[in-house]
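# Structural overview for review
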Amino acid sequence: MVMDSTLCPTPPMGFNTWNRFGMDINETLISETMDALVASGLAELGYVYLNIDDGWMAPERSASGALVPDPARFPGGIRRLADRAHGLGLKLGIYSDCGRKTCGGLPASYGHERQDAETFASWDIDYLKQDWCNVPFEDFPGQSERQVAQILYGRISEALADTGRPIILSLCNWGHGEPWEWARELGHLWRTTGDIVDAYHRPRSGWSGDLLGIFDVNVELDAFAGPGGWNDPDMLEVGNGGMTDEEYRTHFALWCLMAAPLLLGCDVRTLSAETGAIVGNRDLIALNQDPLGRQAQRVWHAAGVHLLVKPLADGGRAVGLFNQTDARTAADPWAHVPGAGTVRDLWTGATESGGTVELAPHQTRVWRVAPR
Ligand code: GLA
């Protein structure tokens with residue numbers, strides 16, 4: 001059997017534990033987060049995947065070799081959380097790794113791919129994030145990292161397909177071996193970069209997880225995204241406190257334009273009004289979830305100002321103008337967007353018709369252009 005490519009027609013939306021909670025997770029947190037997704041209205045906006053990241057497994061497999069949830073932190077087991085999610089109209093995601101151990105040092109799927117896929121299917125899991133730590137490259141002499149990734153992600157992909165349960169597969173090998181060139185055959189999204197950190201720019205650390213560094217890599221990969229398979233520039237940091245609200249609006253707008261998965265990474269149980277207004281912007285979500293499934297193309301950039309255009313299913317376009325610099329600046333995006341006419345600003349709702357646009361430092365403006 002092969003992987004079901006109809007499973008992910010638009011980028012997945014939901015929540016993942018990692019950015020805010022790391023390894024410090026338990027079933028109370030998961031249950032409360034489910035309730036918060038529903039009560040806040042975020043689930044109704046499309047944030048339906050509750051994805052448990054690293055930290056859920058017990059330190060040892062069972063006598064029969066199966067992965068088991070940590071008995072202290074998940075005493076009720078994973079199946080019960082899946083039932084609870086499904087009862088609320090949500091979906092449950094889980095995490096493993098292609099290697100011998102997860103990045104956090106817990107048991108992972110190398111040599112157990114079939115058994116783990118069957119375990120996840122028996123728990124009614126809907127989504128698997130498969131990480132890339134502790135891979136035994138010594139078992140693959142002479143093979144490149146790309147080849148090993150194709151083999152190991154191939155194993156888990158086939159094992160998932162053979163369970164007969166539709167399960168989204170998220171490949172998390174940080175862009176190593178250009179997964180955008182081959183991962184669509186095996187899964188539904190693939191990380192394009194290293195791990196995001198909650199920072200706008202870290203000048204001395206190079207491209208290591210800050211928003212600007214991730215954007216620089218991911219924005220070039222628009223040709224590879226589309227219905228069934230998505231570039232994954234990592235999960236959202238909106239609301240975690242390391243950036244300004246202006247920078248968080250930029251983070252969210254760029255992820256929407258780049259058709260990225262929208263996986264909330266803040267504590268949704270204590271969502272602030274500001275964070276709720278950013279991640280709950282229906283017009284931006286609609287761009288991200290547009291059924292045409294195109295990632296915005298960068299059509300122009302100069303001196304740290306970037307212009308992105310995303311074709312939409314109704315024949316219209318989304319236009320984003322991002323000022324990465326620390327200074328106020330002005331630009332005329334419409335010179336590069338022929339026939340735009342009257343446009344709607346998706347942050348303010350205001351209607352505008354062309355002309356020079358002013359941008360604050362780190363600001364991103366986004367407009368919707370009606371079909372011609
Ligand atoms: C890797 C992944 C992260 C997260 C951690 C968990 O770093 O890229 O997204 O899953 O592992 O340990």
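Attention here is on the structure that accompanies the text. Keep in mind it's a predicted model, so treat the numbers as computed, not measured.

Following the criterion strictly, the structure yields 26 salt bridges and no others. Ionic pairing is found between aspartate 53 and lysine 129, a salt bridge with its closest N-O pair at 2.7 Å. Placement of the pair is aspartate 53 in the loop between strand 2 (49-51) and helix 3 (78-87) and lysine 129 in strand 4 (residues 127-131), with a sequence separation of 76 residues. Pair check on accessibility: aspartate 53 and lysine 129 agree, each one buried.

How two helices pack is summed up by the angle between their axes together with the distance between the axes. Close contact between helix 6 (residues 211-218) and helix 7 (residues 245-257) brings their axes to 12 Å; oriented N to C, the two are set at 20°. Between helix 6 and helix 7, the angle falls in the class roughly parallel. Between helix 6 and helix 7 lies a crossing of left-handed hand. Seen from helix 6, the contacting residues are Leu211, Ile214 and Phe215; seen from helix 7, they are Glu247, Thr250, His251, Leu254 and Trp255.

Before going further, it helps to spend a moment on the site of the ligand. In the vicinity of the ligand, the contacting residues are Trp18, Asp53, Asp54, Tyr95, Cys103, Gly104, Lys129, Asp131, Cys172, Trp174, Arg191 and Asp195. Note that an oxygen atom of the ligand is positioned 2.8 Å from one of the side-chain N or O atoms of aspartate 54. Protein burial of the ligand: of its 310 Å² of free accessible surface, 93% is covered by the chains. When the residues that make up the shell around the ligand are grouped by side-chain class, the tally is 5 nonpolar, 1 polar and 6 charged.

One open sheet holds the 6 strands; their spatial order is 9-10-11-16-13-14, and the pairing between them is antiparallel. Unpaired on one side and paired on the other, strand 9 (297-302) and strand 14 (351-352) mark the two borders of the sheet. Where strand 13 (residues 343-345) lies against strand 14, 2 bridges are found, and the strand directions are antiparallel. The residue of strand 14 that forms the bridge with valine 343 is glutamate 352.

Scanning the entire structure with this criterion turns up 1 disulfide. For cysteine 103, the disulfide goes to cysteine 133, at an S-S distance of 2.1 Å. Judged by the sign of its S-S torsion, about 95°, the bond between cysteine 103 and cysteine 133 is right-handed. Residue cysteine 103 is found in the loop between strand 3 (91-97) and helix 4 (113-122), and its partner cysteine 133 is found in the loop between strand 4 and helix 5 (145-163); the two are separated by 30 residues along the sequence. Assessed through its relative accessible area of 39%, cysteine 103 is described here as partly exposed. Here cysteine 133 falls in the buried class, since its relative accessible area comes to 17%. Take cysteine 266: it sits in no disulfide, and the sulfur closest to it among the cysteines is that of cysteine 256, at 14 Å. With relative accessibility at 3%, the residue cysteine 266 sits in the buried group.

With that settled, the discussion passes to empty space enclosed by the protein. All told, the structure shown has 1 cavity of 30 Å³ or more when counted by the stated rule. When its volume is computed, the largest cavity comes out at roughly 60 Å³. In this structure, the largest cavity is lined by Asn16, Asn51, Tyr127, Lys129, Ser170, Leu189, Arg191, Asp232, Asp234, Met235 and Leu263. Among the secondary structure elements, those contributing two or more residues to the lining of the largest cavity are strand 4 and strand 6 (189-191). Looking at the lining of the largest cavity, its residues break down into 4 nonpolar, 3 polar and 4 charged.

The next thing to look at is the side chain of threonine 119. Its location among the elements puts threonine 119 in helix 4. Judged by relative accessible area, threonine 119 falls into the buried class, the value being 11%. When neighbours within four sequence positions are excluded, threonine 119 is seen to be in contact with Ala66 and Leu67.

With the rule as written, the count across this model stands at 9 aromatic pairs. Within the aromatic cluster, the residues linked to one another by ring pairs are Trp56, Phe120 and Trp123.

The subject of this paragraph is the sheet that holds strand 5 (residues 168-171). As summarised here, the arrangement of the 8 strands in space is 7-6-5-4-3-2-1-8, forming an open sheet in which the pairing is parallel. Only two strands of the sheet have a single partner each, and these edge strands are strand 7 (230-232) and strand 8 (262-264). Along the sheet, successive strands turn relative to each other by an average axial angle of 25°, direction set aside. In terms of strand pairing, strand 5 meets strand 6 through 2 bridges, oriented parallel. Bridging from a neighbouring strand, serine 170 pairs with leucine 189 of strand 6.

Quick notes on the rules
- Residues numbered from 1 in each chain as written.
- Predicted model: local features only at pLDDT ≥ 70, side-chain atom pairs only at ≥ 80, totals over all residues.
- Heavy atoms only, no water.
- Salt bridge = Lys/Arg side-chain N within 4 Å of Asp/Glu carboxyl O.
- Helix = DSSP H or I, 4+ residues; strand = E, 2+ residues; numbered from the N terminus.
- Buried < 20%, exposed > 50% of the residue type's maximum accessible area, 1.4 Å probe, protein only.
- Axes fitted to C-alpha atoms, helices over the stretch in contact; angles between N-to-C directions.
- Parallel < 35°, antiparallel > 145°, perpendicular 65-115°, else oblique.
- Left-handed = near helix turned anticlockwise from the far one by under 90°.
- Contact = heavy atoms within 4.5 Å.
- Near = heavy atom within 4 Å.
- Polar contact = N/O pair within 3.5 Å; in protein donor to acceptor, adjacent residues only side chain to side chain.
- Areas by Shrake-Rupley, 256 points an atom, 1.4 Å probe, with all protein chains shown as cover.
- Nonpolar A, V, L, I, M, F, W, Y, C, P; charged D, E, K, R; others polar.
- Pairing = 2+ DSSP bridges.
- Disulfide = S-S within 2.5 Å.
- 1 Å grid on protein atoms, 1.4 Å probe; cavity = no way out; pocket = protein on both sides within 12 Å on 5 of 7 lines; lining within 4 Å.
- Points joined across faces, edges and corners; volume = space filled by probe spheres on them.
- Phe/Tyr/Trp six-rings, centres within 6.5 Å; stacked < 30°, edge-to-face > 60°.

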